[in-house]
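Working through the structure, step by step
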Amino acid sequence: MPAPIRLRELIRTIRTARTQAEEREMIQKECAAIRSSFREEDNTYRCRNVAKLLYMHMLGYPAHFGQLECLKLIASQKFTDKRIGYLGAMLLLDERQDVHLLMTNCIKNDLNHSTQYVQGLALCTLGCMGSSEMCRDLAGEVEKLLKTSNSYLRKKAALCAVHVIRKVPELMEMFLPATKNLLSEKNHGVLHTSVVLLTEMCERSPDMLLHFRKVWILVPQLVRILKNLIMSGYSPEHDVSGISDPFLQVRILRLLRILGRSDDDSSEAMNDILAQVATNTETSKNVGNAILYETVLTIMDIKSESGLRVLAINILGRFLLNNDKNIRYVALTSLLKTVQTDHNAVQRHRSTIVDCLKDLDVSIKRRAMELSFALVNGNNIRGMMKELLYFLDSCDPEFKADCASGVFLAAEKYAPSKRWHIDTIMRVLTTAGSYVRDDSVPNLIQLITNSVEMHAYTVQRLYKALLDDISQQPLVQVSSWCIGEYGDLLVSGQCEEEEPIQVTEDEVLDVLEGLLVSNLSTPVTRGYSLTAIMKLSTRFSSVNRIKKVVSIYGSSIDVELQQRAVEYNALFKKYDHMRPALLERMPIMEKTASNGPTEIVQTNGETEPSVPDTKHPPLVTQPANQANDLLDLLGGNDVVPVIQTTLPTKPASAGGELLDLLGDLSLSSGPAPAPSVPISQPPFLLDGLSSQPLFNDISAAIPPMTAYSKNGLKIEFTFERANPNPNIAVITIHATNTTEADMTEFVFQAAVPKTFQLQLLSPSSNMVPALNQGSVTQVIRVLNPQKQQLRMRVKLTYTHKGSPVQDLAEVNNFPPQSWQ
Amino acid sequence: MIKAILIFNNHGKPRLIRFYEYFAEDVQQQIIRETFHLVSKRDDNVCNFLEGGSLIGGSDYKLIYRHYATLYFVFCVDSSESELGILDLIQVFVETLDKCFENVCELDLIFHMDKVHFILQEVVMGGMVLETNMNEIVGQVELQNRMEKSEGGFSAAPARAVSAVKNINLPEMPRNINIGDINIKVPSLSPF
């Protein structure tokens, strides 16, 4: 069998391939040759073959058949073999393959090899891909090498120890004694890796951190090393662009940051050196700036004195004016981190930041946008909003969604006047309407309803916008809703804020019908416009036209439209006496914004079309990530990530079971009674901002009651009143179990009469431990607008001693205070 | 921690790939393609930092890259690394390559992929920076290469024989002594 070709030959051959297919052919041929060579157990050429295999692996071809060969190479005595073997192991193997464990013995032997380079190879491989078993077995060897005087091995051992600690955190203590002497090394490589090791230990274990602070008193040691670096003058060995070992300086600064965080003594000890570094470092090259950047971050993070903080922010301000894009980017990032704590200082640089919005660089623009939103406050809202809206007009599509949400949030918090607010929203809808998130439509509708005096103005502007452009769905949806509600104001020309326009009823109906037939309208939009047309039947006089439209859509292919049209038709025919009451003006909707996580509402009977509401639950997961970024900016340190609490069962099926439960407490979805205040989905973005507890008012006045007690399961109700709305009673159930066996898969369901509305939040767990060792809690919120006596039917299902148990019960003994 | 180091040329062909976290093979190739796509769109006068693509990790990861002639050097790092520091590290790495290969160019990286890996191993280990002193790195690599040479390197043909033949003062020295044709079965060399 001819000797396998050399790596160089292979590469040359592959490079001559002109097409992907040709390349694949060559590689397959070579793979076959390599495979047969492996089968022959040829020791001399094995390393050559594995090298070729690694090259082909880099190009993307499968190379797993070489894994065992790598192991054979590692076991060989030759350095060449070991070198390629270990490289192959690192590239081809990982802890998911069982084969990797075979390496352990080889590595163990090589860690004790006489040649330092072989030891180095073994350390490197262990440090890159060692699994937890391997690390556990070999930690002792690594620790031994950590104490050697050979600096080449010592630095590798330090990084290997970091990997071991990451894989097996319990072994951290083992490395502690060896780490003690590491900082007294002269060799910079060892110093560098030791600082990395110490950093890793501090970040993993708060106990270790305390130990380093108090017992070892690391900070003065590090300060001394840093001082030597700065003062030592020119040392050709470690010099990078005129600064002595900037990498080590940066590492030490980072470790100082961790040590000084929230600790006064340590912070004080480093104040001087930080000031020294900040003022003495040369900033003409990137290395100097890297050190300054790290210094600034450290100053901001520890408990530094105010003079130092001002110095830091000024450095950042200087960075912002630097020509180098990287520096500007880095400055914006750090300002973003410090804007909550040192808000005023950052405000001073606001104009520079706003200028960065116009930068060509995408990364800088994004940072500047986030920072601008963080800097918006009551004083600068008008100016900032102008800039931000201009940015919204001209920015890339990837920014538009975030920018739009940011604008809405800022406008909501700081709007100087209602008219300004509505104008801003309209501007956003017209410029970036298609990028606006879907949950903003209900928010806007709520906002518009609440600004009573602006109704006429709003509907007029929206109508004009609709005439111009019907492609942006959120705008169209809001507009058609408003026209439906306030169409009478539009036609009568009552606007005070601006020149009223002359519109006839027919023109309005033309526009709305246009939406229904247009290809640009989504089904949701069509639903909105059909409902709007229906509402106008009580506000306009030309009812016949409306009747005609509604009856046409009674045979629409779209099921949703068809259902609506049929129901509205029924309104005209059989329930005409109820029509005015049903379609009258919507009352002011309450914002239930101050409660934490969003809940899924289980309502019994609704008036508003359910389509926009049910779109909420699936949508909230996607905006969560983007919303959280903004929330981090605006909400400060106490932001609670918005948690999705969903019922374990899907709402639809649970609803079905409840219907069974209720029986005589009938749940009909026919013509609903007079529109009650719908509990609207709390504006999603605002939820996380106020991390208030869920229950604002724990009134001890309402006594708890036992709702159910049977077969060892006891359920107790405790009451609170939710502050903003006195009609809502919040009940917490506590389920306890006095039997000796646990109750698993515990599900609590409840149903209430038609005039109430019920929300069930998710339970704390679904297992009630035996012998009262713990309890399951779940929160129920009941809306009782008519102040009727609260009655509830509960259904319990659980598994007890292996057999499923199900029970129904009625709860009638609610204390009067809970529903009055 | 450095998650990955990628070197590819202006057309996206990989010249060196090193991942410090496990990714399946096809995911690795996807990451290379995605990174190339992101990085090649960038103008030369914008900043060298990019938010990472969706494949290589979430919001914590950044791509820090430098463009030298026909090659892109991309380091994918998480927030524990200083961005400006990594830029300097890339510079140190490239200068080291320059010292080891004498005026390094893309061809050197193509034909000596394994050597580049070995050099990288002295700079970054397990995703963490090991050594930043250029002379130190070059020195270590030299010593190891010398060890390899003394064993005969990859060719596995007796190097001494080759050098002996090369030193014979023949009137006409063939340009390339192509040992590949000769079928020599060489017993494995005894360990030192």
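Computed from a predicted structure; not experimentally measured.

Describing the overall build of chain B
From N to C terminus, chain B includes six helices and seven strands. When the helices and strands of chain B are listed from N to C terminus, the series reads β-β-α-β-β-β-α-α-α-β-β-α-α. For chain B, the residues scored as buried account for 53% of the 192 residues in total. For chain B, contacts bridging at least 24 residues in sequence account for 49% of all contacts bridging at least 6. For chain B, the accessible surface area stands at approximately 9,100 Å², while carbon and sulfur atoms represent 52% of it.

Here we look at unusual backbone geometry
Notably, glutamate 745 of chain A is not glycine yet its phi reads approximately 50 degrees, a positive angle. With respect to the helices, strands and loops of the structure, glutamate 745 of chain A is situated in strand 6 (residues 743-751). A positive phi angle, close to 50 degrees, is found at alanine 69 of chain B, a residue other than glycine. Mapping alanine 69 of chain B onto the fold places it in the loop between strand 4 (62-68) and strand 5 (71-77). Alanine 69 of chain B gets classed as exposed once you look at its relative accessible area, which sits at 70%.

A look at the nonpolar core
One recurring pattern in soluble globular proteins is that nonpolar side chains are buried together. Of all hydrophobic cores here, the largest spans 229 residues; its most connected members are Phe212 of chain A together with Ile2 of chain B. Among all residues touching isoleucine 2 of chain B, those that are not within four sequence positions of it are Tyr20, Phe75, Cys76, Val77, Glu81, Ile86, Leu89, Val124, Gly127 and Val129 of chain B. Phe65 of chain A together with Ala4, Ile32 and Met113 of chain B belong to the second largest nonpolar core, which has 48 residues in total.

Side note on helix 11 (residues 188-204) of chain A
With 17 residues, helix 11 of chain A extends 24 Å between its outermost C-alpha atoms, agreeing within 8% with the 24 Å of an ideal straight helix rising 1.5 Å per residue. Residue asparagine 187 of chain A occupies the N-cap position of helix 11 of chain A, its side-chain oxygen lying 2.6 Å from the main-chain nitrogen of glycine 189 of chain A.

Section: the sheet that holds strand 10 (residues 803-811) of chain A
Residues and elements named next belong to chain A. Judged by pairing direction, the sheet is antiparallel, and its three strands sit side by side in the order 6-9-10 without closing on themselves. Only two strands of the sheet have a single neighbouring strand rather than two, namely strand 6 and strand 10. Strand-to-strand, the axes of this sheet are offset by a mean angle of 15 degrees, without reference to chain direction. As paired elements, strand 9 (residues 792-800) and strand 10 share nine bridges and run antiparallel to each other. Directly across from histidine 800, in strand 10, lies its bridge partner serine 803.

A few points about the pattern of salt bridges
Opposite charge on two side chains makes pairing possible when the charged atoms of those side chains draw close. In the structure shown here, the tally under the stated rule is 47 salt bridges over all chains. With a closest N to O distance of 3.4 Å, glutamate 122 of chain B and lysine 156 of chain A form a salt bridge. Of this pair, glutamate 122 of chain B sits in helix 4 (residues 113-123) while lysine 156 of chain A sits in helix 9 (residues 151-167), on two different chains. Accessibility expressed as a relative area gives 2% for lysine 156 of chain A, which makes it buried. In this structure, lysine 62 of chain B engages glutamate 83 of chain B in a salt bridge whose closest nitrogen and oxygen atoms are separated by 3.0 Å.

Observations concerning helix 13 (residues 218-231) of chain A
Residues and elements named next belong to chain A. The terminal C-alpha atoms of helix 13 lie 20 Å apart, and with 14 residues this matches the ideal 20 Å at 1.5 Å per residue to within 8%. Listed as buried for helix 13 are Leu218, Val219, Leu222, Val223, Ile225, Leu226 and Leu229. The arc that holds the buried residues of helix 13, viewed along the axis, is 165 degrees, so those residues lie on one side. In helix 13, the exposed residues that point more than 90 degrees away from the buried face are Arg224, Asn228 and Met231. Where helix 13 is buried, its residues meet helix 11, helix 12 (206-215), strand 2 (243-244), helix 14 (246-260) and helix 15 (264-280).

Details of a positive patch on the surface
A cluster of like positive charges, contributed by Arg6 and Arg8 of chain A together with Lys115, Arg146 and Lys149 of chain B, occupies part of the molecular surface. Along the polypeptide, lysine 149 of chain B turns up in helix 5 (residues 134-151). Owing to a relative accessible area of 66%, lysine 149 of chain B belongs among the exposed residues under this scheme.

With respect to the packing of aromatic side chains
Taken as a whole, this structure holds 14 aromatic pairs over all chains when the rule is applied. Plain terms: the ring middles of tyrosine 117 of chain A and tyrosine 152 of chain A are 5.4 Å apart, the flat faces sit at 65 degrees to each other, and that makes the pair edge-to-face. Residue tyrosine 117 of chain A is found in helix 7 (residues 116-129), and its partner tyrosine 152 of chain A is found in helix 9; the two are separated by 35 residues along the sequence. Residue tyrosine 117 of chain A shares its accessibility class with tyrosine 152 of chain A, and that shared class is buried. Summarising the aromatic geometry, the rings of tyrosine 68 of chain B and phenylalanine 73 of chain B are spaced 5.6 Å apart at their centres and angled 85 degrees between planes, so their arrangement reads as edge-to-face. Given the relative accessible area of 22%, tyrosine 68 of chain B is considered partly exposed. For phenylalanine 73 of chain B, a relative accessible area of 3% gives the class buried.

Concerning the packing of helix 24 (residues 418-432) of chain A against helix 26 (residues 455-468) of chain A
All names here are of chain A. Viewed as axis vectors pointing N to C, helix 24 and helix 26 meet at an angle of 15 degrees, and their least axial separation amounts to 11 Å. Looking at the two axes, helix 24 sits roughly parallel to helix 26. When the axes of helix 24 and helix 26 are compared, the crossing they make is right-handed. Between helix 24 and helix 26, the residues in contact are Arg419, Ile422, Asp423, Met426 and Thr430 and Tyr457, Thr458, Arg461, Leu462 and Ala465, respectively.

Brief notes about the pairing of strand 1 (residues 2-9) of chain B
All names here are of chain B. Burial within strand 1 is extensive, with eight of its eight residues counted as buried. Here seven bridges tie strand 1 to strand 5, and the two strands are oriented antiparallel to one another. Note on strand 5: the bridge partner recorded for isoleucine 2 is valine 77. As paired elements, strand 1 and strand 2 (residues 14-19) share five bridges and run antiparallel to each other. If you follow leucine 6 over to strand 2, its bridge partner there is isoleucine 17.

Points about the interface of chain B and chain A
Taken together, the contact between chain B and chain A spans 66 residues of the former and 71 residues of the latter. Viewed at the interface, chain A and chain B are joined by six salt bridges. Between glutamate 23 of chain A and lysine 13 of chain B there is a salt bridge; the shortest N-O distance is 3.8 Å. Our count for the chain B to chain A interface comes out at 18 residue pairs in polar contact (both at pLDDT 80 or more). If you list the elements that add at least two residues to the side of chain B that touches chain A, you get strand 2, helix 1 (25-40), strand 3 (49-51), helix 2 (83-101), helix 3 (106-111), helix 4, strand 7 (128-129) and helix 5 of chain B. Taken together, the residues of the side of chain B that touches chain A sort by class into 31 nonpolar, 19 polar and 16 charged.

Observations concerning a negative patch on the surface
All names here are of chain A. There is a patch of like negative charges on the surface, built from Asp264, Asp265, Glu268, Asp272 and Glu305. When you line up the elements, glutamate 268 lands in helix 15. The class of glutamate 268 is exposed, set by a relative accessible area of 60%.

Quick notes on the rules
- Residues numbered from 1 in each chain as written.
- Chains lettered and ligands numbered in written order.
- Predicted model: local features only at pLDDT ≥ 70, side-chain atom pairs only at ≥ 80, totals over all residues.
- Heavy atoms only, no water.
- Helix = DSSP H or I, 4+ residues; strand = E, 2+ residues; numbered from the N terminus.
- Buried < 20%, exposed > 50% of the residue type's maximum accessible area, 1.4 Å probe, protein only.
- Contact = heavy atoms within 4.5 Å.
- Areas by Shrake-Rupley, 256 points an atom, 1.4 Å probe, with all protein chains shown as cover.
- Core = buried A, V, L, I, M, F, W, Y, C linked by side-chain atoms within 4.5 Å.
- Expected span 1.5 Å × (residues − 1).
- Polar contact = N/O pair within 3.5 Å; in protein donor to acceptor, adjacent residues only side chain to side chain.
- Pairing = 2+ DSSP bridges.
- Axes fitted to C-alpha atoms, helices over the stretch in contact; angles between N-to-C directions.
- Salt bridge = Lys/Arg side-chain N within 4 Å of Asp/Glu carboxyl O.
- Arc of directions from axis to C-beta.
- Patch = residues over 30% accessible without salt bridge, like charges linked within 9 Å, V, L, I, M, F, W, Y side chains within 5 Å.
- Lys, Arg positive; Asp, Glu negative; His and termini not counted.
- Charge placed at Lys NZ, Arg CZ, Asp CG, Glu CD.
- Phe/Tyr/Trp six-rings, centres within 6.5 Å; stacked < 30°, edge-to-face > 60°.
- Parallel < 35°, antiparallel > 145°, perpendicular 65-115°, else oblique.
- Left-handed = near helix turned anticlockwise from the far one by under 90°.
- Nonpolar A, V, L, I, M, F, W, Y, C, P; charged D, E, K, R; others polar.

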